[in-house]
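Observations on the model geometry
So the chains spell out like this:
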Amino acid sequence: MIRIDKIIDKLKEIPILEVAEKLGIPHKGKSAKCFMHDDKNPSLGFWPATNRWKCFVCDKGGDQVTLVMEYHHLSYVDACKWLADQFNIIIPEDDGYRRKIVNKTPVKRKTESTTHTRDIDVEIVSWIVNNARLSEMAKDFLYNQRKYKPEIVDSLKIGSITNPKKLVEAIVNRFGLERSFKSGIVCQNNYGLYLFFRTPCLIFPYTDIDGNIVNMQTRYLGTDKKVPRFQFLPESVTGMFNKSILNTTSVDDKLFVAEGITDCIALLSTGRKAVAIPSATLLHDEDVKLIATKNLFMYPDKDEAGERLYDNLCKRLSNYGSMIMKLKLPDGNKDFSDYYLTLISDNG
């Protein structure tokens, strides 16, 4: 049995820029284009004095080990093995054998025209969703601020996270440390284990057309303006939200397409049938094909992204001989969520 704990101090002494070079990450000085997203300008920073790194767009960072974990999608233990192998550090009680995790030749990363994805651990995601309960903060946001119908929230299995430390401990205890790391949900830095998602937050489950949970998205409820409002699992493919409603939607029913989950929940709370595209940049052909036979309507957000999504949908749907009806939001409402609150107010 190998003893990673015996070499961890040596691994933490390896200069962070040398690790980046071994990984094949081009950098100029202390900055580089991030390998985790299509980075037009360098957003990845290195701090040699503390051997730390961080991407200010992805809001992810850590030490030498976590850099290898993210780049090669390895568990914590396998990332340590990779570092030991690359920098000729002997792992005690290994009997001279150290498995090669990847070839010493730097792996070619994605270009701006490609996307790397991570396999989603559906069992862990489903366990989180099925055990999450709504906090008082979450209830206040959903029911008092947004005025969503409780039965809609319940049917979508929306939950919340308020105690990330407790959740991390529960995940690791149930699924093991290595699997928890591999899922991308549990991370580690010099201060210990932490949850990838920023909390407090809501949990929105994504399902396939048969209602099986396949992914999740969070919505930050805190006050830190630097924290991204919405987060998906790192490098996961995200499709259409509320797909299972398609099974009960006939060709004569109106099906509304929303940009974003919150507008979708507002539409559902009015009794409409609705699905959501997470953003204008996350429109997949397989989802377009699923809805092409439906009677489609949309209230585009009153911004450039909303119009872009509508135009993109029109073009994609035309390939299937289909179309979507554009509806105009009343003046003073930037999206359907705003309009929904107006409707609720007018109806008392």
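Below is a summary of the structure that appears in this document. As the structure is a prediction and not an experimental result, all values here were calculated from the model. (Residues numbered from 1 in each chain as written. Predicted model: local features only at pLDDT ≥ 70, side-chain atom pairs only at ≥ 80, totals over all residues. Heavy atoms only, no water.)

**Notes on unusual backbone geometry**
- At the junction of T199 and P200, the peptide bond is cis and its omega measures out at 0° in the coordinates.
- Although it is not a glycine, N88 sits at a positive phi angle of roughly 55°.
- Position of N88 among the secondary structure elements: in the loop between α4 (76-86) and α5 (122-131).
- Even without a glycine there, the phi angle at N242 is positive, about 70°.
- Turning to its location among the elements, N242 is positioned in the loop between β10 (230-232) and β11 (254-259).
- Residue N242 is classed as buried on the basis of its relative accessible area of 10%. (Helix = DSSP H or I, 4+ residues; strand = E, 2+ residues; numbered from the N terminus. Buried < 20%, exposed > 50% of the residue type's maximum accessible area, 1.4 Å probe, protein only.)

**A closer look at the packing of aromatic side chains**
- One pass over the full model with this rule turns up twelve aromatic pairs.
- Aromatic ring contacts, followed pair by pair, group F256, F297, Y299, F336 and Y339 into a single cluster.
- Positioned above the aromatic ring of F87 is the side chain of K22, whose terminal nitrogen or guanidinium carbon lies 5.5 Å from the ring centre.
- We note K254 situated over the ring of F297; from NZ or CZ to the ring centre the distance is 5.0 Å. (Phe/Tyr/Trp six-rings, centres within 6.5 Å; stacked < 30°, edge-to-face > 60°. Lys NZ or Arg CZ within 6 Å of the ring centre and 35° of its normal.)

**Focus: the sheet that holds strand β5 (residues 159-161)**
- Read from one edge to the other, the open sheet built from four strands follows the order β5-β8-β9-β10, with strand pairing classed as antiparallel. Edge positions in the open sheet fall to β5 and β10, since each of these has one partner strand only. Neighbour-to-neighbour, the strand axes of the sheet open up by a mean angle of 35°, direction not taken into account.
- Contacting β8 (201-207) and β9 (213-220), α5 runs over the sheet at an angle of about 55° to β9. (Pairing = 2+ DSSP bridges. Axes fitted to C-alpha atoms, helices over the stretch in contact; angles between N-to-C directions. Contact = heavy atoms within 4.5 Å.)

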